[in-house]
Amino acid sequence: MPREDYRDETGLLVCGRCGQPKERRLPAMDLFGGKERIVRVLCECDMREQREREEQERLRKAAERAKRLRDACFHGSPFLRDCTFATDDGRTPRQSELCKRYAETFDPSDPGGLLLWGGVGTGKTFMASCIANAVIDLGFSAYQTDIAGIATLMESSFADRRANLDRILNRDLLLIEDLGAERCTEYMLGYVYNVIDGRYRSGKPMVITTNIPLKDIYQPSASSPWQRIFDRITERCYPIEFTGASRRRSKAALMRRSMEERLGIREKD
């Protein structure tokens, strides 16, 4: 049990745990009316407790900031906040390791980004979200969206459009999901180009996921409306291919099996 504080032979209070003084005498000064004065000082125990309180407060503020950043990043898909490298299923270890290294060495002033490409359900969105969460844990901001989200933000009043564009362009990391997954009007392509070109000019990084084959991105036809967009992406984003069976199909099979057991259609194993 810790000892109680006590007073030494000079009458000053001493910490019963660390043995260091908790009071000290100040010499007589005119400022004190010519009298000696005793003031409180921090012993090692007090300083350690103060450091612990400061660290707890720092961690609390960091957690609050990370929550705000995640709310802003995954505004339309809150379930993606739980995507982390720690929860990775390990099906694509090489891709996971590359993405993890990118997140660990993230620098918002480095324009280099990633292009995660491959078949549907191969883990591109999960891995992009892992990168976003890791970057947020480092204290940086991120914003995840898709073409429809970009169009929604841009199809507003002129003042709101400028503010929305600034919101996208000023984040430390921009993530664009499923590029080219849907047919786009000329207006929508214009919006996407403005966003990607804005990031290109500002020198800020992007992580982009797409199902488009890499050869069609690096060598688009002359008539392709995506040519200007792909040209900027390939200059700034390193491609990482994702292959394998669709995780969504596996999850769908598990869901059906669980639901059949719940509904009494099949017995539990």
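Going by the structure above, here's the rest.
Residues numbered from 1 in each chain as written. Predicted model: local features only at pLDDT ≥ 70, side-chain atom pairs only at ≥ 80, totals over all residues. Heavy atoms only, no water.

1. Quick word on the overall build of the protein
Phase 1 of the analysis: When you go through the protein residue by residue, the secondary structure sums to nine helices and nine strands.
Phase 2 of the analysis: Taking 2.2 N^0.38 as the reference for a compact globule, 269 residues should give roughly 18 Å; the C-alpha atoms of the protein span a radius of gyration of 29 Å, well beyond that estimate.
Phase 3 of the analysis: Projected onto its principal axes, the C-alpha positions of the protein cover 90 × 60 × 35 Å.
Phase 4 of the analysis: Residue burial in the protein is summarised as follows: out of 269 residues, 38% are buried. (Helix = DSSP H or I, 4+ residues; strand = E, 2+ residues; numbered from the N terminus. Rg over C-alpha atoms; globule rule 2.2 N^0.38 Å. Buried < 20%, exposed > 50% of the residue type's maximum accessible area, 1.4 Å probe, protein only.)

2. Describing the packing of aromatic side chains
Phase 1 of the analysis: Tallied over the full model, the rule gives three aromatic pairs.
Phase 2 of the analysis: Between the aromatic rings of Phe106 and Phe140, the centroid separation amounts to 5.2 Å while the plane-to-plane angle is 70°, which identifies the pairing as edge-to-face. Residue Phe106 is located in the loop between α2 (93-104) and β5 (113-118), and its partner Phe140 is located in the loop between α3 (124-137) and β6 (142-146); the two are separated by 34 residues in the primary sequence.
Phase 3 of the analysis: The exposure class assigned to Phe140 is partly exposed, which follows from its relative accessible area of 22%.
Phase 4 of the analysis: Taken together, a centroid distance of 5.6 Å and an interplanar angle of 15° make the contact between Trp226 and Phe230 stacked.
Phase 5 of the analysis: Classification of Trp226 by relative accessible area gives buried; the value is 12%. (Phe/Tyr/Trp six-rings, centres within 6.5 Å; stacked < 30°, edge-to-face > 60°.)

3. Observations concerning the packing of α2 against α3
Phase 1 of the analysis: Contact geometry of α2 with α3 gives a least axis separation of 9 Å together with a crossing angle of 25°. Taken together, the axes of α2 and α3 lie roughly parallel to each other. Seen from above, α2 lies across α3 with right-handed handedness. The segment α2 lies against α3, with Ser96, Cys99, Tyr102 and Ala103 engaging Met127, Ile131 and Ala134.
Phase 2 of the analysis: Class assignment for the residues of the contact of α2 with α3 results in six nonpolar, one polar and no charged. (Axes fitted to C-alpha atoms, helices over the stretch in contact; angles between N-to-C directions. Parallel < 35°, antiparallel > 145°, perpendicular 65-115°, else oblique. Left-handed = near helix turned anticlockwise from the far one by under 90°. Contact = heavy atoms within 4.5 Å. Nonpolar A, V, L, I, M, F, W, Y, C, P; charged D, E, K, R; others polar.)

4. What to know about α3
Phase 1 of the analysis: Across its 14 residues, α3 extends 20 Å between first and last C-alpha, which sits within 8% of the 20 Å expected from 1.5 Å per residue.
Phase 2 of the analysis: Most of α3 is tucked away: twelve of the 14 residues are buried.
Phase 3 of the analysis: Just downstream of α3, Gly139 is the residue with a positive phi angle, here 100°. (Expected span 1.5 Å × (residues − 1).)

5. Comments concerning the layout of surface pockets
Phase 1 of the analysis: Each pocket or cavity is described by its volume, and for the second largest pocket that value is around 270 Å³.
Phase 2 of the analysis: In terms of lining, the second largest pocket is formed by 14 residues, of which the most central are Ser77, Gln144, Thr145, Asp146 and Glu177.
Phase 3 of the analysis: At the level of elements, β6 and β7 (173-179) are the ones that each hand at least two residues to the lining of the second largest pocket.
Phase 4 of the analysis: In terms of residues, the lining of the second largest pocket owes the most to one element, β6, which gives three residues.
Phase 5 of the analysis: Classifying every residue of the lining of the second largest pocket gives four nonpolar, seven polar and three charged. (1 Å grid on protein atoms, 1.4 Å probe; cavity = no way out; pocket = protein on both sides within 12 Å on 5 of 7 lines; lining within 4 Å. Points joined across faces, edges and corners; volume = space filled by probe spheres on them.)

6. What about the nonpolar core?
As a rule of thumb, nonpolar side chains are buried together in soluble globular proteins.
Phase 1 of the analysis: The biggest cluster of nonpolar side chains holds 31 residues, and the ones touching the most others in it are Leu179, Ile208, Ile229 and Ile233.
Phase 2 of the analysis: At the level of secondary structure, the elements contributing two or more residues to this core comprise β5, α4 (147-154), α5 (158-170), β7, α6 (186-202), β8 (206-210), α7 (214-218) and α8 (227-236).
Phase 3 of the analysis: Of the residues forming this core, the biggest block, seven residues, is contributed by α6.
Phase 4 of the analysis: Setting aside its immediate chain neighbours within four residues, Ile233 contacts Leu115, Leu179, Ile196 and Ile208.
Phase 5 of the analysis: Cys73, Leu80, Phe106 and Leu114 belong to the second largest nonpolar core, which has 27 residues in total. (Core = buried A, V, L, I, M, F, W, Y, C linked by side-chain atoms within 4.5 Å.)

7. Structural notes on the sheet that holds β5
Phase 1 of the analysis: One open sheet holds the five strands; their spatial order is β6-β7-β8-β5-β9, and the pairing between them is parallel. The strands lining the two open edges of the sheet, one partner per strand, are β6 and β9 (237-242). Direction aside, neighbouring strands of the sheet carry axes that sit 15° apart on average.
Phase 2 of the analysis: With four bridges joining them, β7 and β8 adopt parallel strand pairing. Each residue of the ladder has a partner; that of Leu175, found in β8, is Val207. (Pairing = 2+ DSSP bridges.)

8. Points about the pattern of salt bridges
Phase 1 of the analysis: Within the structure shown, the criterion is met by 18 salt bridges.
Phase 2 of the analysis: Here Asp89 ties to Arg91 by a salt bridge, and the two come within 3.5 Å at their closest N and O atoms.
Phase 3 of the analysis: For Arg91, a relative accessible area of 47% corresponds to the partly exposed category.
Phase 4 of the analysis: Counted as one network, the salt bridges with shared partners bring together Asp5, Lys22 and Asp46. (Salt bridge = Lys/Arg side-chain N within 4 Å of Asp/Glu carboxyl O.)

9. As for the pairing of β6
Phase 1 of the analysis: The buried fraction of β6 amounts to four of the five residues, a majority that puts the element mostly inside the structure.
Phase 2 of the analysis: Relative to β7, β6 is paired through five bridges, and the arrangement is parallel. Note on β7: the bridge partner recorded for Gln144 is Leu175.

10. Quick word on the side chain of Ser129
Phase 1 of the analysis: You can see Ser129 is positioned in helix α3.
Phase 2 of the analysis: Not counting chain neighbours up to four residues away, the residues in contact with Ser129 comprise Phe74, Leu80, Cys83 and Gln144.

Interpretation in functional terms is not warranted from these geometric data alone.
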